[in-house]
Amino acid sequence: MKKLFLIIVLFPGICFSQGLIKGANQNTIYVSTGIVMQNWKIDGVPDRIAEATFPFTINIPFSRNGNLQISHSPAISRYADIELSGFSDTWIRGNYLLFANKLLVSAGVGVPTGRTELTREESVLSGFLSQNVFRFRLPVFGQGLTLSSGVVYAIPVNKKIVMGIGWNYVYRGVYKFVKDMETSFDPGDQVGGNLGYSHDISKYLRLNVDFLYTYYFRDQINDKQIYGSGQKFGSTISLLYHGFKRMFWVEGRFRKSGRNETWDGIALITEEKNSNITQMEMDAVYRIHLSELFSVDVLFEGRSYIENEYLIGQADIVGGGLGNTVRFNSNLHLYMSFKMLYGDAYYHHDVPIYKGNEFIIRTTYQF
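Treat the numbers as computed from the prediction; the structure is a model and nothing was measured.

Moving on to the nonpolar core. Ranked by internal contacts, the top residues of the largest apolar core, which has 25 residues, are Trp40, Ile49, Leu129, Val133, Phe134 and Tyr354. Listed by contribution, the elements that provide at least two residues to this core are strand E1 (30-42), strand E5 (75-79), strand E6 (82-86), helix H3 (120-129), strand E22 (315-327) and strand E23 (332-345). Per element, the largest residue contribution to this core is three residues, and it comes from H3. Every residue in contact with Phe134, bar those within four places of it in the chain, is listed here: Gln38, Trp40, Ile42, Ile49, Phe128, Arg303 and Tyr354. Core analysis: the next-biggest nonpolar cluster, separate from the first, contains eight residues, Val36, Met247, Trp249 and Ile360 among them.

Residues spaced three or four apart along an α-helix point in a common direction, a consequence of the helix completing one turn every 3.6 residues. All of the buried residues along H3 are Glu122, Leu125, Ser126, Phe128 and Leu129. For H3, the angular spread of the buried residues around the axis is 155 degrees, confining them to a single face. Residues of H3 that are buried in the fold lie against strand E2 (49-53), E5 and E6.

With that settled, the discussion passes to the side chain of Asp189. Tracing the backbone shows Asp189 in the loop between strand E11 (185-186) and strand E12 (190-200). Arg172 is the oppositely charged side chain nearest to the buried, salt-bridge-free Asp189, at an N-O distance of 6.5 Å. A polar contact of 2.8 Å, which involves the side chain of Asp189, links it to the side chain of Tyr169. Excluding residues within four positions of it along the chain, Asp189 makes contact with Tyr169, Val170, Tyr171, Arg172, Tyr215, Tyr216 and Phe217.

Rules and cut-offs
- Residues numbered from 1 in each chain as written.
- Predicted model: local features only at pLDDT ≥ 70, side-chain atom pairs only at ≥ 80, totals over all residues.
- Heavy atoms only, no water.
- Core = buried A, V, L, I, M, F, W, Y, C linked by side-chain atoms within 4.5 Å.
- Buried < 20%, exposed > 50% of the residue type's maximum accessible area, 1.4 Å probe, protein only.
- Helix = DSSP H or I, 4+ residues; strand = E, 2+ residues; numbered from the N terminus.
- Contact = heavy atoms within 4.5 Å.
- Arc of directions from axis to C-beta.
- Lys, Arg positive; Asp, Glu negative; His and termini not counted.
- Salt bridge = Lys/Arg side-chain N within 4 Å of Asp/Glu carboxyl O.
- Polar contact = N/O pair within 3.5 Å; in protein donor to acceptor, adjacent residues only side chain to side chain.

Structure follows, in structure tokens:
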């Protein structure tokens with residue numbers, strides 16, 4: 001189980017924290033569905049930016065070592081009188097464990113069922129949704145056909161420590177992101193690697209550390225390279241305490257990117273200053289099991305984004321709230337949570353106050 005745990009934590013796209021809160025087992029058939037409502041108010045801006053997503057996930061184990069997962073998140077987004085709604089891309093992912101749970105092989109396809117070819121107004125709203133400070137659950141509805149593959153290998157050092165190394169590749173197909181585009185946009189593929197460390201400090205306490213690197217190939221239009229994203233470096237550290245009636249989990253993330261390349265009409269030129277912001281985020285959950293059927297969560301999160309070299313993008317957000325899980329029986333679980341967030345962020349040459357909230361209802365049925 002230790003080796004399997006490390007592999008799940010390491011592989012990009014598999015979020016341990018989500019699995020922790022959902023309480024679903026990857027080795028059982030389960031269906032999870034619900035609603036996530038998020039909205040933000042910026043001082044000086046008359047209208048709120050809001051989004052409601054309806055995530056749906058089904059997990060199907062096809063053997064003791066493999067599972068297939070299908071997920072889809074239609075959404076409704078609104079700012080002033082601009083609305084963007086519809087289906088998202090549909091993700092189908094398969095995972096298989098080999099060599100006594102030491103090697104994880106994974107492959108996925110993002111089926112292009114989501115909204116593309118947006119109007120100019122919808123593109124403006126999509127730009128708002130993509131801002132890091134908001135952390136909207138569905139920042140982009142559709143991105144064309146996407147294929148992903150990856151492997152992770154766990155290396156036991158001793159009974160308490162496991163190291164891991166992983167690799168992944170993502171292919172991104174062409175699509176049109178706004179209406180009336182004469183040619184399709186070809187986003188660059190990406191390749192990444194990660195190193196991980198997992199340490200059972202005690203019977204109840206576990207530490208995990210990950211280091212990640214992502215290289216982006218250049219974006220193209222008409223077979224002409226028009227943009228190159230800077231290489232991304234990141235790290236994640238998490239701590240999990242799991243006692244008899246108490247659970248505490250905290251995770252911190254750090255992401256920093258190199259300078260981008262932009263088209264100047266003749267060739268791609270590396271920007272003089274780095275326009276990417278440095279991102280730091282933290283999430284924490286303290287869970288109290290009041291009984292076998294009911295538990296209460298105390299939630300906290302913090303976000304600090306350091307301004308780029310153009311002195312744009314600064315943001316500091318903190319928030320917290322409560323959640324609870326109700327187990328109606330061994331198969332049906334209901335999770336609810338509410339968080340309020342507060343802070344400030346750079347906006348139109350000013351740093352106004354940001355206020356937001358998030359409400360989640362999710363049901364999970366295990367067969």
